[in-house]
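The lines below spell out each chain.
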Amino acid sequence: MTAMDVDLPSQTGKSHAMNVDTAAENGDHLPWVEKYRPLTLDDLVSQQEIISTPVQNFMNQGRLPHLLFYGPPGTGKTSTILACSRQLYGSEYSSMVLELNASDERGIDVIRNQIISFASTRRTSTIGFKLIVLDEADAMTQAAQSALRRVIEKYTTNVRFCIICNYVSKIIPALQSRCTRFRFAPLQTEQITSRLDMITHKEGIKLTDSGKQALLRVSHGDMRRVLNILQACYAAYDTIDDAAVYHSTGQPFPADIEYILHALLNDEFSTAYSKINHMRIDKGLALADIITEVHEHLGNTELPTETRIYLLDHLAEVEHRLSGGANESIQLSTMLGHFKIAMEIAASGVASKS
Ligand SMILES: Nc1ncnc2c1ncn2[C@@H]1O[C@H](COP(=O)(O)OP(=O)(O)OP(=O)(O)O)[C@@H](O)[C@H]1O
Ligand SMILES: [Mg+2]
């Protein structure tokens, strides 16, 4: 693949044939993450001050540096560079931007051939430089990244690079130092809410307050997740409330987690085990999700510092084992065992003080 295969409705407006049905014209056939992909930098909620404004200023001055965008999924990295490209190049977009993402071959040969040939051909725009976007660059090999160092320097007069990744530590330091870094933080509740309200209004979705809270809770600042869950719920329910959100994502209800935490902290080993195990099987909950939620609830539970540290450390261990495919029942009993030891630590702390 060479140039980016995206539609640019704001600029072209004629990307579809004239006789396509209205659904296609309205973008109704698209998943909402694409239908509501921000078209301009102003549409991007949250990253205004830290990203949009400096990037916008760079573009206004015609002095775009090489960029490095990093941060968790669904926070607007790809959308930001798409919006910039759209603003910079308009209809010349496809000849001026080369986008390579993880689905493309990006070994050293691609650097040598595709990137260099794109970078070295003469520019045709008034902007003065072309743009090469390396999305999901944490998947690039070390050798390919090393090869890029010289390419970036050599072709700076003609091209700007934008490197995008989730884990900045996977980008070699030499590349990092050639770019201006921008960290995309998970979106804040109010920021998600403002965009969500606009979308629910446009689509005519009945989203209750509890549904909205649940949506925010399970998405952890990832706007893509918000939209995907919303669309899945919309397909299945007339009114989207918290139950709809938890059911469609398979996440435990907060009440279930309170019940589980109560059993972990207060019940005797075998009672707690059978209660939690039953709930896990009946409701089809994943132990990893239970641990994530328990971890959050622990933050609001009063526990002596030593006990808390012990628990957090061991919960992390169990979670790590689960990610490697460990048996859930065995890990549940391990987790319970750790809670029992933690309670003993707490009790002995109280005893030694008195
Ligand atoms: N800051 C934001 N403002 C508005 N919508 C957003 C924002 N961030 C993400 N979105 C929504 O989420 C979708 C995915 O965003 P995007 O592709 O930019 O994420 P990303 O940061 O590149 O994620 P990944 O690291 O997984 O590639 C967009 O189409 C858009 O609908
Ligand atoms: Mg992306």
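Everything numeric in this text was worked out from a predicted model, so none of it was measured. (Residues numbered from 1 in each chain as written. Chains lettered and ligands numbered in written order. Predicted model: local features only at pLDDT ≥ 70, side-chain atom pairs only at ≥ 80, totals over all residues. Heavy atoms only, no water.)

*Asks:* Just give me the short version of the environment of Ala243, but keep the residues and values in it.
*Replies:* Assignment of secondary structure puts Ala243 in helix H12 (residues 242-249). Linking Ala243 and Ala214, residues 29 residues apart in sequence, is a C-alpha distance of 8.4 Å. (Helix = DSSP H or I, 4+ residues; strand = E, 2+ residues; numbered from the N terminus.)

*Asks:* Please set out the packing of aromatic side chains residue by residue, giving values where relevant.
*Replies:* Evaluation of the coordinates by the stated rule reveals 4 aromatic pairs. The interplanar angle of 55° and the centroid separation of 5.0 Å between the aromatic rings of Phe69 and Phe184 together place this pair among those described as tilted. Placement of Phe69 in strand S1 (residues 67-70) and of Phe184 in the loop between strand S5 (180-183) and helix H9 (189-203) is noted, with a sequence separation of 115 residues between them. With respect to burial, Phe69 and Phe184 carry one shared label: buried. Every member of this aromatic cluster is reached through a ring pair, and the members are Phe69, Phe182 and Phe184. Seen from the ring of Phe118, Lys130 lies directly overhead, with NZ or CZ sitting 4.4 Å from the centre. Positioned above the aromatic ring of Phe129, the side-chain terminus of Arg160 is 4.5 Å from the ring centre. (Phe/Tyr/Trp six-rings, centres within 6.5 Å; stacked < 30°, edge-to-face > 60°. Buried < 20%, exposed > 50% of the residue type's maximum accessible area, 1.4 Å probe, protein only. Lys NZ or Arg CZ within 6 Å of the ring centre and 35° of its normal.)

*Asks:* Break down the nonpolar core for me, with residues and values.
*Replies:* Counting residues in each nonpolar core, the largest one holds 27 residues, and the members touching the most others are Ile115, Ile132, Leu134, Leu148, Phe161 and Ile163. Mapped onto this core, the elements with two or more residues apiece are S1, strand S2 (97-100), helix H6 (108-120), strand S3 (130-134), helix H7 (142-154) and strand S4 (159-165). Here the element with the most residues in this core is H6; it accounts for 5 residues. Apart from residues no more than four positions distant in its own chain, Ile132 is found in contact with Leu98, Ile115, Phe118, Ala119, Val159, Arg160, Phe161 and Cys162. Core analysis: the next-biggest nonpolar cluster, separate from the first, contains 26 residues, Ile257, Leu265, Ala272 and Leu287 among them. (Core = buried A, V, L, I, M, F, W, Y, C linked by side-chain atoms within 4.5 Å. Contact = heavy atoms within 4.5 Å.)

*Asks:* With reference to specific residues and values, describe helix H14 (residues 269-282).
*Replies:* Between the first and last C-alpha of H14 there are 20 Å, a value that for 14 residues agrees with the 20 Å anticipated at 1.5 Å per step. Gly284 sits one or two residues past H14 and shows a positive phi near 60°. (Expected span 1.5 Å × (residues − 1).)

Note that all results are geometric; they support no functional claim without further evidence.
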